[in-house]
Amino acid sequence: MYASAGVGVAALLLGMFFTRTIPFLKRFCIPSPVSGGLLVASLTWLMFSVFGVETVFDGTLKDLCMILFFTSVGFQCDIKMLRRGGRPLVVMVILVLVLIVFQNLISLGIARGLKLDPLVGMAAGSIPMCGGHGTAGGFSPLLEQMGLKGASSITMAAATFGLVAGSLIGGPLGEALTRRRSLAEKSAPSDVMTSIEASAASESAKTGLQSEETAFRRYLTAACMLMIAMAFGTGISRLLALTGVTFPTYFGSLIAAFAMRNLLSLSPRLTRSMCVEQIVGIGDICLQLFLGMAMASLRLWELASLALPLALILTAQVAFMALYGAFVAFPALGGNYDSAVLVSGLCGFGLGATPNAMANMSAVCYKYRYAELPFLIVPIIGAMFVDIINTSVITLFLNLVR
């Protein structure tokens, strides 16, 4: 268990070094554990192919980090924040829901046409696309239990492909919509960065400085909140199991954290004592550790027989994302400059993750002008809605195809 975790941490640290030194990785927002983990996984593949040595990893600590991360996601879901997004937020949520459904329909349709196991289609649907590496790692054990051999390798490979593809098409699509429809004039980069930096400064100013003792107490409170939510989540998961519906292992904890956040938010004093910022910090650390261990333990040799079908499904997903963004999402969001920026963000987390969405929108704004509304809506969507909607839709599809 400790050796497996150590290899995952080594992969994470190696990826952090790669991200600092290789411009391509930074440009496309490739997470450090992905780049480092793929190198370690490639080495284990080489050992298997050349020397016949099969590397087996223990996933105990990996699973713990996964559940901690998704529990932290539950704490980020504050219903009161919905008012800030207005109508565009509601439209964006609906667009995300429709996107997730079609991602699964497309992958299942192609898998059926190629006479593959439907679970292969699920492994290349919204699990790695809208879900990214976190959801891919979360659902892989469930797919394995349902009979899909090499599920982790398939979902992680698809998530990595989506991460790059989302960055490749998001910015150019938002820029093309803006340019062809003359939605905004080009701005000097200094003007754009001034707006972005001013927005960031206003947020950081609210935080203020903390003493080390205060910071320690807040992180301790955050860790306790996460553990309590996970404890309640265990009971919720057992109740969900009685329904006969298959749910991922983290779903109970996510629901418990969501309930705790919104019940405690009824009291301003309890809201301040929740330490949500520290909970998010711990969750982000756990996500990095989880991904490092998950990527390092990939069994890449299991992808060989599915390379061509997987490439076909993923190409179809990227094509659909581009068409959906240009011809459905853009007009539905209003057809203005904010809509073009939002479409670039939708491509980012529709195929990759929220950081990719933010990077895509920044690239468009850097050329034209800062758009405040997209930078408000996309983080709310990424933090509050994507994982919950995606998990619910995936669970429905898995129970229909099993």
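Parameters and conventions
- Residues numbered from 1 in each chain as written.
- Predicted model: local features only at pLDDT ≥ 70, side-chain atom pairs only at ≥ 80, totals over all residues.
- Heavy atoms only, no water.
- Helix = DSSP H or I, 4+ residues; strand = E, 2+ residues; numbered from the N terminus.
- Rg over C-alpha atoms; globule rule 2.2 N^0.38 Å.
- Buried < 20%, exposed > 50% of the residue type's maximum accessible area, 1.4 Å probe, protein only.
- Contact = heavy atoms within 4.5 Å.
- Areas by Shrake-Rupley, 256 points an atom, 1.4 Å probe, with all protein chains shown as cover.
- Lys, Arg positive; Asp, Glu negative; His and termini not counted.
- Charge placed at Lys NZ, Arg CZ, Asp CG, Glu CD.
- Phe/Tyr/Trp six-rings, centres within 6.5 Å; stacked < 30°, edge-to-face > 60°.
- pLDDT = per-residue confidence, 0-100.
- Axes fitted to C-alpha atoms, helices over the stretch in contact; angles between N-to-C directions.
- Parallel < 35°, antiparallel > 145°, perpendicular 65-115°, else oblique.
- Left-handed = near helix turned anticlockwise from the far one by under 90°.
- Nonpolar A, V, L, I, M, F, W, Y, C, P; charged D, E, K, R; others polar.
- Expected span 1.5 Å × (residues − 1).
- Bend = angle between axes of the 7 residues up to and from the residue.
- Disulfide = S-S within 2.5 Å.
- Core = buried A, V, L, I, M, F, W, Y, C linked by side-chain atoms within 4.5 Å.
- Polar contact = N/O pair within 3.5 Å; in protein donor to acceptor, adjacent residues only side chain to side chain.
- Salt bridge = Lys/Arg side-chain N within 4 Å of Asp/Glu carboxyl O.
- Patch = residues over 30% accessible without salt bridge, like charges linked within 9 Å, V, L, I, M, F, W, Y side chains within 5 Å.

Each helix and strand in the protein was counted, giving 17 helices and 0 strands. Its C-alpha radius of gyration of 21 Å places the protein within 12% of the 21 Å reference for a compact globule of 402 residues. Seen through its principal axes, the protein has C-alpha atoms that stretch 60 × 50 × 45 Å. A total of 402 residues make up the protein; the buried ones form 50% of that total. Partitioning the intrachain contacts of the protein with sequence separation of at least 6 by distance along the chain shows that 80% fall at a separation of at least 24. Of the roughly 18,300 Å² that the protein leaves accessible, carbon and sulfur atoms contribute 67%. For the protein, the distance from the average position of its 26 positive side-chain charges to the average position of its 19 negative side-chain charges is 6 Å.

As enumerated under the stated definition, the model contains 10 aromatic pairs in all. Ring geometry for Phe 102 versus Phe 320: centroids 5.8 Å apart, planes at 20°, classification stacked. With Phe 102 in helix H5 (residues 82–113) and Phe 320 in helix H14 (residues 307–332), this residue pair connects regions lying 218 residues apart in the sequence. Take Phe 102: its relative accessible area is 39%, and that puts it in the partly exposed class. By way of ring pairs, the aromatic residues Phe 69, Phe 70, Phe 139 and Tyr 250 are connected into one cluster.

Taken residue by residue, the protein gives an average pLDDT of 87. The fraction at 70 or more is 93%. Contacts from residues 189–209, a stretch scored under 50 in pLDDT, to residues over four places away or in other chains number 12 contacts.

Here we take up the packing of helix H10 (residues 212–241) against helix H11 (residues 251–264). How two helices pack is summed up by the angle between their axes together with the distance between the axes. Their axes nearest at 7 Å, the elements H10 and H11 cross at an angle of 125°. Relative to H11, the element H10 lies oblique. Two packed elements cross with a definite hand, and for H10 against H11 that hand is right-handed. Here H10 contributes Met 225, Ile 228, Ala 229, Met 230, Phe 232, Gly 233, Ile 236, Ser 237 and Leu 240 to the contact with H11, which in turn contributes Phe 251, Gly 252, Ser 253, Ile 255, Ala 256, Ala 257, Met 260 and Leu 264. Considering only residue class, the contact of H10 with H11 consists of 13 nonpolar, 4 polar and no charged.

For H14, built from 26 residues, the straight-helix expectation of 38 Å at 1.5 Å per residue is met to within 8% by its first-to-last C-alpha distance of 36 Å. Most pronounced at Gly 325, the bend in H14 amounts to some 40°.

A complete count under the given rule lists 0 disulfides for this structure. With no disulfide of its own, Cys 130 lies closest to Cys 347 among cysteine sulfurs, the gap being 11 Å. You can call Cys 130 buried: its relative accessible area is 4%.

So, about the nonpolar core. Within the largest apolar cluster, 115 residues are counted, with the highest numbers of intra-cluster contacts made by Leu 346, Phe 349 and Ile 381. In terms of residues, this core owes the most to one element, helix H17 (residues 372–401), which gives 13 residues. Once you skip the residues sitting within four places of it in the chain, Leu 346 turns out to touch Met 92, Val 96, Leu 99, Met 321, Tyr 324 and Ala 329.

Let us look at the side chain of Ser 153. Position of Ser 153 relative to the elements: it lies in helix H8 (residues 151–180). Polar side-chain contacts of Ser 153 include one of 2.9 Å to the backbone oxygen of Arg 299. In contact with Ser 153, other than residues within four places in its own chain, are Leu 298, Arg 299, Leu 300, Glu 302 and Leu 303.

Turning to the pattern of salt bridges, a few remarks are in order. Under the criterion given, the structure shown has 6 salt bridges. Its salt-bridge partner being Glu 175, residue Arg 179 comes within 3.0 Å of it at the nearest N-O pair. Here Glu 175 and Arg 179 lie together in helix H8, a separation of 4 residues that amounts to about one turn. The class for Arg 179 is partly exposed, based on a relative accessible area of 44%. We classify Glu 175 as buried; its relative accessible area is 14%. For Glu 213, the salt bridge goes to Arg 217, with nearest N and O atoms at 3.4 Å. Of this pair, Glu 213 and Arg 217 both sit in helix H10, separated by 4 residues, roughly a single helical turn. Through salt bridges that share partners, Glu 54, Arg 299 and Glu 302 make up one connected network.

Direction vectors running N to C along H8 and helix H15 (residues 337–351) enclose 170°, while the axes themselves pass 6 Å from each other. Taken as axis vectors, H8 and H15 run roughly antiparallel relative to one another. For the pair H8 and H15, the contacting residues are Ala 159, Gly 162, Leu 163, Ala 165, Gly 166, Ile 169, Gly 170, Gly 171, Leu 173, Gly 174, Leu 177 and Thr 178 in the first and Tyr 337, Ala 340, Val 343, Ser 344, Cys 347, Gly 348 and Leu 351 in the second. The class makeup of the residues in the contact of H8 with H15 is 11 nonpolar, 8 polar and no charged.

Within the secondary structure, Gly 138 is located in helix H7 (residues 132–145). Measuring from C-alpha to C-alpha, the distance between Gly 138 and Leu 398 comes to 14 Å, with 260 residues separating the pair along the chain.

Turning to a nonpolar patch on the surface, a few remarks are in order. Together, Leu 14, Phe 17, Leu 39, Leu 43, Leu 46, Met 47, Val 50, Phe 51 and Val 53 make up an exposed nonpolar region whose accessible area comes to about 810 Å². Listed by contribution, the elements that provide at least two residues to the nonpolar patch are helix H1 (2–21) and helix H3 (32–51). For the nonpolar patch, the leading source of residues is H3, giving 6 residues. Structurally, Leu 46 can be placed in helix H3.

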